[in-house]
Structures are given as C-alpha cells and as structure tokens.
Amino acid sequence: MSKDNQHRVSRRRVFYIPGYDPIHPRRYRELYRKESAEQAAISGYEVALRPKTTKGAYGWHVSALIDGRATDTDVEVLAWSDIVRDSMAQGIVATYLQLIRTAWAYIGTGALWRLMRLRKGPVIAALYPIVFLLAQLALALVVAFGLGQVLALIHPWVGWIGLAVVPFVLEWFRKRDGKFFAYYLMHDYAYSARSMGANTPELEERMVEFTTIIAEALTADVDEVLVVGHSSGAHLAVSVLSDLIRAGQVPGDGPALNLLTLGQVVPMVSFLPKAHRLRADLRFLSETEELTWVDVTAPGDGCAFALCDPVAVSGVATAAKRGPLVVSAAFTQTLSPARWVELRWRFFRLHFQYLCAFDRPGDYDYFQISAGPLTLSDRYAGRSPS
C-alpha cells in the first residue's frame with residue numbers, strides 16, 4: 001500500500017493483555033518508558049510518557065513524533081494479575097500435587113507428544129519445572145538420608161528424625177524461586193491444565209470486563225484500537241475479541257480494530273481436550289474481516305511457539321482463513337551480535353524482548369506499532385508471512 005493510501009493515526013487506544021504474571025501493571029509502564037526511550041534514540045524519533053488521560057484500567061499516555069507526524073496514544077493494561085496471584089497461593093505439598101495433575105493432563109491426553117512436534121523450546125520450558133521440582137525433592141531426600149545415617153549412630157530409631165529436614169530443604173528452594181522459576185512455571189502450566197484447557201469461571205468473568213472496556217473504546221474519537229496479547233495473554237485476546245465481534249460491538253464507522261499477539265503459547269492450551277472455546281475462537285477470528293491480526297514470534301524465544309500459526313497448528317484452519325499474518329522478530333538479525341550474546345541464554349528476558357528496544361530494528365518495532373502514525377493493518381499491508 002502506498003503511503004498516500006495509508007490511514008494516518010492521530011489518536012489511538014492500546015489495550016495490553018499480559019501473560020501469566022503476578023506483578024503489578026506498573027512494571028509494564030516502566031518497561032515501556034525505558035525501552036521506548038532507547039528505541040527512539042536508536043531509530044531517530046521522539047517518544048514521551050505522561051499520566052493517562054482516560055479513566056479505567058492502569059495505564060499511561062504516550063506522545064510520539066515519528067516520521068514527522070505526531071500521535072497521541074493511551075495505553076491501558078487489562079490486568080488479571082490478582083487471579084494469577086490467587087492461583088499461585090499454593091503450599092509446597094499442593095504444588096507437588098499440581099505437578100502430578102499437570103503431567104497427567106499433557107502426557108495422558110497425548111498433548112505433550114503433539115507439542116513436541118512443533119517446537120522443542122516451549123516443551124522444554126514446560127518440562128523444566130517438573131524435572132527441577134523432582135530434583136529438589138530428590139536432593140531433600142538425599143540430605144535427609146545422610147542426616148539419618150549420622151543420627152542412627154546414636155540409636156537406629158533416631159535416624160528417622162532425618163526426614164524432618166525435607167520440608168526445610170524444599171522451603172529453601174521455594175523462597176529462592178525468583179532465580180529458579182520452577183514454582184512459577186509450575187503454577188502457570190497448572191492453571192490451564194487443571195481444567196484441561198477450559199477457562200476458569202473467574203477468568204471468564206474478567207474477560208467479560210475486558211470486552212466491555214474495549215467495546216467502549218470503539219465508540220471513542222480515536223483512529224485505531226489496538227489490542228496486544230503477550231504470551232498466554234495472546235489466547236485471552238483471541239477470545240475477548242471473538243466475543244466482541246460476535247456481539248456486534250464493532251461499529252462500522254468506528255476506529256480500526258487490530259490485534260497484535262506476541263510470543264504466543266496458544267498450543268499449550270488449544271491442544272488440551274477441553275479447550276473447545278479457544279479452538280472455536282481461533283477459527284472465528286482467523287476468518288473475520290472486522291480486524292487485522294498480526295502474530296509476532298522469534299525462533300530465538302525458547303518460551304514461544306515461534307513461527308507456528310496458532311490457528312493452523314490447532315487444527316481449526318479453514319479455506320476462509322484470513323489471518324493471522326505470522327511475522328518473525330528475528331532476534332539474531334534485529335539484535336547486534338554483542339546484544340544477542342548478552343541475551344541468548346536469558347530465556348525469560350528474551351520472552352519479553354518483543355516489548356523492548358532492538359539495536360538493529362527490522363519491520364517489527366513495538367513502539368512504532370503502538371505509538372506511531374500508522375495502523376497495524378497499514379504497517380503490514382502487503383507483507384508476506386515469515
């Protein structure tokens with residue numbers, strides 16, 4: 001599409017749906033502030049943040065001058081971190097029970113074998129908490145056995161006291177999970193697995209709230225409403241927008257409605273047997289003409305199903321399929337060799353790279369997409385899938 005035929009954006013609303021994250025939404029504001037400033041310095045444009053100008057969810061206002069054109073954007077975080085925190089409020093014993101149920105959900109249903117045929121990275125990430133938690137338990141038992149052998153020198157029955165050390169060793173690991181992420185990832189995968197892919201009632205209720213918020217934005221005086229779903233927030237965004245469109249809440253003369261999914265892990269849910277709603281929503285959204293859907297992943301992100309079309313791999317693609325457009329953020333090309341070496345083994349940091357600055361940016365630039373003068377659909381018009 002020529003620049004003359006592109007729709008200029010003066011005002012935009014962005015709704016960011018995070019993944020399984022217990023942290024307050026202010027984390028995303030600080031990330032946006034820091035990384036947008038860095039990208040602006042690299043790419044030669046201007047971005048400034050100030051308090052949001054709209055009511056409702058936590059967010060911020062962005063004023064940008066890109067390609068000589070000024071754009072004002074209000075970004076809001078559609079948070080479900082309270083639901084995440086509640087689901088993570090599990091003791092050690094409960095977490096090990098989760099481990100058993102989650103392993104059965106993926107292995108017993110055959111979902112794990114199907115996932116392994118897509119990408120090894122996210123499957124390894126899914127197996128990691130199981131293996132590491134079992135290793136923690138094994139180490140605790142070894143310590144208990146060694147202590148028991150020493151105590152048994154006093155009296156054979158005294159040796160059993162060694163088992164008392166097991167909960168202390170496990171608690172030591174749990175308190176340091178900010179470094180290991182074993183408990184965090186276990187709770188993450190267990191949240192979807194406990195209902196075999198169906199949404200929990202509290203999540204469905206929250207998604208209704210998200211739908212209402214986005215519907216109201218579509219009646220405002222803006223040029224684009226952009227929904228961004230990151231990680232597991234991607235499949236929430238798919239269902240929220242499917243509900244919105246089915247309900248006829250997209251005005252024909254309203255702002256452009258677009259969806260950007262980043263680092264998606266859709267197959268982790270859509271492959272489960274009771275994910276009927278998600279699979280139906282994937283099919284519906286892939287066929288609708290009400291929006292443009294761009295899915296961005298990167299092979300360098302070991303936590304995402306990189307370049308796997310979430311609709312096609314979920315087995316719901318039809319001849320009427322229009323999207324998503326699958327685009328690679330190509331970390332090995334858009335990050336300098338020095339930066340790539342620095343980040344290569346920081347798997348969780350790389351999973352958030354989509355929201356960060358690139359020192360060798362390509363056609364994916366989160367800040368131009370979320371605060372620049374073009375709609376998502378215009379920015380990627382004519383783009384071939386990666």
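Refer to the preceding data block for the structure.
Only a predicted model underlies this, so the values are computations on that prediction, with no experimental measurement involved. (Residues numbered from 1 in each chain as written. Predicted model: local features only at pLDDT ≥ 70, side-chain atom pairs only at ≥ 80, totals over all residues. Heavy atoms only, no water.)

A. Geometry of the overall build of the chain. Across its full length, the chain carries 18 helices and 8 strands. The C-alpha atoms of the chain give 23 Å as radius of gyration, which agrees with the globular expectation for 386 residues (21 Å, within 12%). By principal-axis analysis of the C-alpha atoms, the chain measures approximately 90 × 45 × 40 Å. Summarising the internal contacts of the chain: among those between residues at least 6 apart in sequence, 74% fall at separations of at least 24. (Helix = DSSP H or I, 4+ residues; strand = E, 2+ residues; numbered from the N terminus. Rg over C-alpha atoms; globule rule 2.2 N^0.38 Å. Contact = heavy atoms within 4.5 Å.)

B. Representation of a nonpolar patch on the surface in the model. Where nonpolar side chains cluster on the molecular surface, the patch consists of Leu141, Trp157, Trp160 and Leu163 and spans about 530 Å² of accessible area. As for its position among the elements, Leu141 is in helix H5 (residues 120-151). Take Leu141: its relative accessible area is 44%, and that puts it in the partly exposed class. (Patch = residues over 30% accessible without salt bridge, like charges linked within 9 Å, V, L, I, M, F, W, Y side chains within 5 Å. Areas by Shrake-Rupley, 256 points an atom, 1.4 Å probe, with all protein chains shown as cover. Salt bridge = Lys/Arg side-chain N within 4 Å of Asp/Glu carboxyl O. Buried < 20%, exposed > 50% of the residue type's maximum accessible area, 1.4 Å probe, protein only.)

C. Representation of the side chain of Asp281 within the structure. By the secondary structure assignment, Asp281 is in helix H12 (residues 276-287). With a relative accessible area of 2%, Asp281 lands in the buried category. When near neighbours in sequence (up to four residues on either side) are disregarded, Asp281 contacts Val238, Ser239, Ser242 and Arg246.

D. Representation of helix H6 (residues 166-175). Regarding H6, the residues found buried are Val166, Val169, Leu170 and Phe173. One face of H6 carries all of its buried residues, which in axial projection span an arc of 95°. In H6, the exposed residues that point more than 90 degrees away from the buried face are Phe168 and Lys175. For H6, the secondary structure elements touched by its buried residues are helix H3 (92-107), H5, helix H7 (177-180) and helix H8 (182-193). (Arc of directions from axis to C-beta.)

E. Layout of the packing of helix H9 (residues 201-217) against helix H10 (residues 233-246). Two elements in contact, H9 and H10, have axes whose closest approach is 9 Å; the angle formed by their N-to-C orientations is 60°. By the angle between their directions, the pair H9 and H10 is classed as oblique. For the pair H9 and H10, the sense of crossing is right-handed. When H9 is examined against H10, the residues Leu203, Met207, Phe210, Thr211, Ile214 and Ala215 are found in contact with a partner set consisting of Leu236, Ser239, Val240, Asp243 and Leu244. When its residues are assigned to classes, the contact of H9 with H10 shows 8 nonpolar, 2 polar and 1 charged. (Axes fitted to C-alpha atoms, helices over the stretch in contact; angles between N-to-C directions. Parallel < 35°, antiparallel > 145°, perpendicular 65-115°, else oblique. Left-handed = near helix turned anticlockwise from the far one by under 90°. Nonpolar A, V, L, I, M, F, W, Y, C, P; charged D, E, K, R; others polar.)

F. The arrangement of the layout of surface pockets in detail. Of the voids in this model, the largest pocket is the one considered here, and its volume is about 630 Å³. Lining the largest pocket are 38 residues, with Tyr20, Tyr184, Leu185, Asp188 and Ser231 sitting closest to its centre. Elements with a contribution of two residues or more to the lining of the largest pocket: helix H1 (26-43), H5, H8, H10, helix H11 (267-270) and helix H16 (347-351). By residue number, the principal contributor to the lining of the largest pocket is H8, which donates 6 residues. Among the residues making up the lining of the largest pocket, the classes are represented as 23 nonpolar, 11 polar and 4 charged. (1 Å grid on protein atoms, 1.4 Å probe; cavity = no way out; pocket = protein on both sides within 12 Å on 5 of 7 lines; lining within 4 Å. Points joined across faces, edges and corners; volume = space filled by probe spheres on them.)

These values are about where atoms sit, not about what they do.
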